[in-house]
Amino acid sequence: MSGFATLAMINLDASDPAAQARFYAGVLGWEVLHSRDEYAMIGDGSTSIGFGQVPGYSAPGWPKESAPKRYHLDFYVDDLEKGEQQALALGATKPDEQPTPDRWRVLLDPEGHPFDICLKS
């Protein structure tokens, strides 16, 4: 199947775009390309993620979601324990509920949105 478009970037809702950009830049090892109160962007030279300020943003409260998820990112890591510790050091939190902790870990970014770190194999 042949598409007609190329993905330019992904934009995610946030209450504090600059803080989200710093967090995910640390997770991915990417550069913060732009950072203002209302919008921030990170990239690695080929892919970019933007964070746009949304007034009244509220986190979903995973696992018992009080607001709908707006996105869910998965990241490969070589070592779950090490990846978890690095994410926590950057400001992530770890909810008690972990569906399959030997294969992936659910963590919450600084704004409370869930993301997973997963083993490649």
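Residues numbered from 1 in each chain as written. Predicted model: local features only at pLDDT ≥ 70, side-chain atom pairs only at ≥ 80, totals over all residues. Heavy atoms only, no water.

Draft legend 1. Representation of unusual backbone geometry within the structure. Note that the residue after tryptophan 62, namely proline 63, is joined by a cis bond; omega there is 10 degrees. For proline 63, the position within the fold is in the loop between strand S4 (48-53) and strand S5 (73-77). (Helix = DSSP H or I, 4+ residues; strand = E, 2+ residues; numbered from the N terminus.)

Draft legend 2. Summary view of the packing of aromatic side chains. All told, the structure shown has six aromatic pairs when counted by the stated rule. Aromatic side chains phenylalanine 23 and tyrosine 24 sit 4.9 Å apart centroid to centroid with 80 degrees between the ring planes, which places their arrangement in the edge-to-face category. Relative accessible area serves as the criterion here: at 1%, tyrosine 24 is assigned to the buried category. Centre to centre, the rings of phenylalanine 23 and phenylalanine 115 are 5.8 Å apart; their planes meet at 65 degrees, and the pair counts as edge-to-face. Taken together, the residues span a long stretch of sequence, with phenylalanine 23 in helix H1 (residues 17-28) and phenylalanine 115 in strand S7 (residues 114-119) at a distance of 92 residues. Since its relative accessible area comes to 0%, phenylalanine 115 is described here as buried. Following the ring pairs from residue to residue traces out a cluster consisting of Phe23, Tyr24, Phe51, Phe75 and Phe115. (Phe/Tyr/Trp six-rings, centres within 6.5 Å; stacked < 30°, edge-to-face > 60°. Buried < 20%, exposed > 50% of the residue type's maximum accessible area, 1.4 Å probe, protein only.)

Draft legend 3. Representation of the side chain of glutamate 84 within the structure. For glutamate 84, the location among the structural elements is in helix H2 (residues 80-90). When sequence neighbours within four positions are dropped, the list of residues in contact with glutamate 84 reads Lys94, Arg105, Leu107 and Ile117. (Contact = heavy atoms within 4.5 Å.)

Draft legend 4. Representation of the UniProt feature "domain: VOC" (unreviewed entry) in the protein. Within the UniProt annotation, "domain: VOC" (unreviewed entry) is assigned to residues 6-120. The annotated region residues 6-120 carries 20% helix and 32% strand content, and the separation between its end C-alpha atoms amounts to 25 Å. (UniProt positions renumbered as here; feature names shortened; annotations may be inferred.)

Draft legend 5. Spotlight on the pattern of salt bridges. Scanning the model with the defined rule gives three salt bridges in all. As a salt-bridge pair, arginine 105 and glutamate 81 come within 2.8 Å of each other at their nearest N and O atoms. Here glutamate 81 lies in helix H2 and arginine 105 lies in strand S6 (residues 104-108), a separation of 24 residues in the sequence. What makes arginine 105 buried here is its relative accessible area of 8%. Residues joined in a network through salt bridges with shared partners are Glu81, Glu84, Lys94 and Arg105. (Salt bridge = Lys/Arg side-chain N within 4 Å of Asp/Glu carboxyl O.)

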